[in-house]
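These are the residues of each chain, in order.
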Amino acid sequence: MMKGYDREEALAFILSRINRNAHPELRDQIDGLIAQAIDADMKYMHENGVLDADGNAGDCYYEDDEAFEYMVEALVDANTLTPEQAVKVASLIDDYMDIQQAYLESKGLVDWE
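Residues numbered from 1 in each chain as written. Predicted model: local features only at pLDDT ≥ 70, side-chain atom pairs only at ≥ 80, totals over all residues. Heavy atoms only, no water.

A. Here's a closer look at the side chain of His23. Considering the arrangement of structural elements, one finds His23 in the loop between helix H1 (7-17) and helix H2 (30-47). Side-chain polar atoms of His23 contact the side chain of Asp95, separated by 2.6 Å. (Helix = DSSP H or I, 4+ residues; strand = E, 2+ residues; numbered from the N terminus. Polar contact = N/O pair within 3.5 Å; in protein donor to acceptor, adjacent residues only side chain to side chain.)

B. Inspection of the pattern of salt bridges at higher detail. Tallied over the entire structure, the rule returns five salt bridges. Put simply, Asp39 and Arg7 hold a salt bridge, and the shortest N to O gap is 2.8 Å. With a gap of 32 residues between them, Asp39 in helix H2 and Arg7 in helix H1 connect regions that are remote in the sequence. Here Asp39 falls in the partly exposed class, since its relative accessible area comes to 37%. Between Lys107 and Glu9 there is a salt bridge whose closest N-O contact spans 3.3 Å. With Lys107 in the segment after helix H4 (83-106) and Glu9 in helix H1, this pair connects stretches of sequence that are 98 residues apart. Each of Arg7, Glu8 and Asp39 takes part in salt bridges that share partners, so that together they form one network. (Salt bridge = Lys/Arg side-chain N within 4 Å of Asp/Glu carboxyl O. Buried < 20%, exposed > 50% of the residue type's maximum accessible area, 1.4 Å probe, protein only.)

C. The arrangement of H4 in detail. With 24 residues, H4 extends 35 Å from end C-alpha to end C-alpha; this agrees with the ideal 34 Å at 1.5 Å per step. For H4, the set of buried residues is Ala86, Val89, Ala90, Leu92, Ile93, Tyr96, Met97, Ile99, Gln100, Tyr103 and Leu104. For H4, the secondary structure elements touched by its buried residues are H1, H2 and helix H3 (64-79). Looking at the residues trailing H4, positive phi occurs at Gly108, about 70°. (Expected span 1.5 Å × (residues − 1). Contact = heavy atoms within 4.5 Å.)

D. Summary view of the environment of Ala40. Residue placement: Ala40 occurs in helix H2. Given a relative accessible area of 7%, Ala40 falls into the buried group. Through-space distance from the C-alpha of Ala40 to that of Tyr62 is 13 Å; in sequence the pair is 22 residues apart.

E. Representation of the packing of H2 against H3. Packing of H2 against H3 brings their axes to within 9 Å, and their N-to-C directions diverge by 130°. Between H2 and H3, the angle is such that the two are oblique. For the pair H2 and H3, the crossing hand works out as right-handed. Of the residues in H3, those touching H2 at Leu33, Gln36, Ala37, Ala40, Asp41, Lys43, Tyr44 and Glu47 are Glu66, Ala67, Tyr70, Met71, Ala74, Leu75, Ala78 and Asn79. (Axes fitted to C-alpha atoms, helices over the stretch in contact; angles between N-to-C directions. Parallel < 35°, antiparallel > 145°, perpendicular 65-115°, else oblique. Left-handed = near helix turned anticlockwise from the far one by under 90°.)

What follows is the structure, encoded as structure tokens:
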């Protein structure tokens with residue numbers, strides 16, 4: 001996990017802001033899918049050197065496109081989704097990434113300067 005990142009607080013932040021009406025086919029699964037997305041996102045960052053073993057910033061940059069693909073694939077595999085469902089999950093992950101960024105910025109966990 002990222003140092004200073006509170007998973008449960010982030011999950012609540014994201015779930016309170018996700019537009020559930022934009023994802024009607026996933027409505028009953030959104031909470032679980034977002035929780036899985038957070039875990040996949042953190043795993044991506046550790047595996048790709050964005051975060052070190054202690055949760056500090058690593059030597060590599062977060063690549064949005066790679067992270068997006070990683071998360072979608074992880075959720076599709078974990079939930080045995082069809083290609084049609086995968087497209088819907090991809091849309092949810094896109095929204096997740098924007099809200100996760102807002103959470104990180106609100107906590108001062110990212111610095112773009």
